[in-house]
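So you can see what is in the structure, the chains are spelled out below.
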Amino acid sequence: MSARDKILGRIRRNLGRGPLDEEAATLVRDRIAGHKRNLVPARTSISHGRQVNLLQDKLEALAATVVRVPSLSEVPGQVRDYLSSHNLPSQIKMSPSPSLDEIPWGDVPMLEIARGAAVITDEVSITPAFAAIAETGTLCMASGPDTPSTLNFLPENHIVVLKAGDIQGSFEDVWDRLRQKFGEAEMPRTVNFISGPSRTADIEQQLIMGAHGPRRLHIVIVEDEQKA
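Residues numbered from 1 in each chain as written. Predicted model: local features only at pLDDT ≥ 70, side-chain atom pairs only at ≥ 80, totals over all residues. Heavy atoms only, no water.

(A) Inspection of the overall build of the protein chain at higher detail. Within the protein chain one finds six helices and twelve strands. The dimensions of the protein chain, computed from C-alpha atoms along their principal axes, are 65 × 40 × 40 Å. A buried classification covers 40% of the 228 residues belonging to the protein chain. Of the contacts formed within the protein chain by residues at least 6 apart in sequence, a portion of 72% connects residues at least 24 apart. Of the roughly 12,800 Å² of accessible surface on the protein chain, a fraction of 52% belongs to carbon and sulfur atoms. (Helix = DSSP H or I, 4+ residues; strand = E, 2+ residues; numbered from the N terminus. Buried < 20%, exposed > 50% of the residue type's maximum accessible area, 1.4 Å probe, protein only. Contact = heavy atoms within 4.5 Å. Areas by Shrake-Rupley, 256 points an atom, 1.4 Å probe, with all protein chains shown as cover.)

Put into structure tokens, the structure is as follows:
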């Protein structure tokens, strides 16, 4: 018996419930396989250009910063300027994702880039986003060998390169995209949804930034990747 079966069996026993009968089990299997979509807010039924604007508005309302660039060639300069404006070091831990290989990092030699998973001493990380959700101003980060989740949470400063073509209207659109990309049986081990920098007000109702993750979240939207 697998660990998963043991855990689910323990839950059933504590609930006083035995195995499902075949009719109930069929309903559950059909529900899981059907991927029934939830309600999608009408505010996402807009042109893609307006979805990009909505995403930026939502992100900025959540204390993230957003800049748009016309092409990938502009990304290194924007990263340099961002680091300089916040008096941050030029040492960066970057995702090994091939999607970032297209960016001419060598055009800005002051950037010192190492690639791999983040460690506790890293202050700045750069990652791609799998997608973004205009509905709520949320980034979707899919974990994998090329996109370690540590880069999303350990460094206090997280820079995300987001292609405008990867911006979707709703959560349902992004789940469809994940299934198309990875397949039903090959979903990422972890899918993180990130809306703004980390924060908490649990202690005396005072807002503290960076309690459980980055204190700053900066998104560079590359506009030449927009949908037609």
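That shown, we press on.
(B) Expanded view of the sheet that holds strand 5 (residues 131-133). If you walk across this open sheet you meet the four strands as 8-5-6-9, and the pairing is mixed. With one partner strand each, in any of the chains shown, strand 8 (167-168) and strand 9 (191-194) form the two edges of the open sheet. Of the pairings in the sheet, the one linking strand 6 (residues 138-142) to strand 9 comprises four bridges and is antiparallel in character. Bridge pairing in strand 9 places Leu139 opposite Ile194. (Pairing = 2+ DSSP bridges.)

(C) Main features of the confidence of the model for the protein chain. Averaged over all residues, the pLDDT of the protein chain is 89; the fraction at 70 or higher stands at 91%. Element-level mean pLDDT values for the protein chain span from 60 in strand 11 (residues 208-209) up to 98 in strand 4 (residues 124-128). (pLDDT = per-residue confidence, 0-100.)

(D) Seen up close, helix 6 (residues 171-182). Look at helix 6: 16 Å from first C-alpha to last across twelve residues, which is about the 16 Å you get at 1.5 Å a residue. The elements touched by buried residues of helix 6 are strand 5, strand 6, strand 8 and strand 9. Downstream of helix 6 by a residue or two, Gly183 has a phi angle that is positive, lying close to 90°. (Expected span 1.5 Å × (residues − 1).)

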